[in-house]
Amino acid sequence: MQLVDGYFAKYAHSTFPLTPGHEIAGEIDRVDDLVTKGGRFNEGDLVVVVGGWGDGTCRLCQKGDTHICVHGRWPGFGPYGGYSEYLPVPEK
Ligand SMILES: [Zn+2]
């Protein structure tokens, strides 16, 4: 498995425990402080989770290239991944 073998080491800082899965689709189970109350997402909505959660502050993020932010995070390279039953996901 490439993830365990360190193939992505130069792209992501994997931490353990690790739950794989970075291409994610699912249903919103609960809306909490990661999502704007009364916003566009509601419990029960079907969603696709786009990885590459940038820091939002660098030049790349400001251009919309959050997927290549050097401080970005990807689900599936740490404790939360697509194979989890539940996954906290920021709204943006
Ligand atoms: Zn950034």
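Residues numbered from 1 in each chain as written. Predicted model: local features only at pLDDT ≥ 70, side-chain atom pairs only at ≥ 80, totals over all residues. Heavy atoms only, no water.

Draft legend 1. Geometry of the coordination of the zinc ion. With distances of 2.2 to 2.3 Å, the protein atoms coordinating the zinc ion are D55 (OD), C58 (SG), C61 (SG) and C69 (SG). What the four donor atoms of the zinc ion show is an angle range of 97 to 116 degrees at the metal, which sorts the shape as tetrahedral. Between consecutive donor residues of the zinc ion, the sequence gaps follow D-x2-C-x2-C-x7-C. On the accessibility criterion, C61 (9% relative accessible area) is buried. (Donors = N, O, S within 2.8 Å, 3.2 Å for Na, K, Ca; no water. Tetrahedral: all angles 85-135°; square planar, octahedral: opposite > 155°, others 65-115°. Buried < 20%, exposed > 50% of the residue type's maximum accessible area, 1.4 Å probe, protein only.)

Draft legend 2. Structural context of the layout of surface pockets. As a volume, the largest pocket reaches approximately 890 Å³. In this structure, the largest pocket is lined by 36 residues; those nearest its centre are V47, V49, L87, P88 and V89. Taken together, the elements giving at least two residues each to the lining of the largest pocket come down to β1 (24-27) and β2 (46-49). Partitioning the lining of the largest pocket into residue classes produces 16 nonpolar, eleven polar and nine charged. (1 Å grid on protein atoms, 1.4 Å probe; cavity = no way out; pocket = protein on both sides within 12 Å on 5 of 7 lines; lining within 4 Å. Points joined across faces, edges and corners; volume = space filled by probe spheres on them. Helix = DSSP H or I, 4+ residues; strand = E, 2+ residues; numbered from the N terminus. Nonpolar A, V, L, I, M, F, W, Y, C, P; charged D, E, K, R; others polar.)

Draft legend 3. Representation of the environment of G39. Residue placement: G39 occurs in the loop between β1 and β2. For G39, a relative accessible area of 27% puts it in the partly exposed group. With 52 residues separating them in the primary sequence, G39 and E91 have C-alpha atoms 9.6 Å apart.

Draft legend 4. Representation of the pattern of salt bridges. Here the structure, examined in full by the defined rule, presents one salt bridge. Across the salt bridge formed by K63 and D65, the nearest N and O atoms sit 3.9 Å from each other. K63 sits in the exposed class, given a relative accessible area of 54%. (Salt bridge = Lys/Arg side-chain N within 4 Å of Asp/Glu carboxyl O.)

Draft legend 5. Summary view of the environment of A25. Looking at the secondary structure, you find A25 in strand β1. Once the C-alpha coordinates of A25 and G82 are considered, the two residues, 57 residues apart in sequence, prove to be 7.9 Å apart. Apart from the residues lying within four places of it in its own chain, the contact partners of A25 are V47 and V48. (Contact = heavy atoms within 4.5 Å.)

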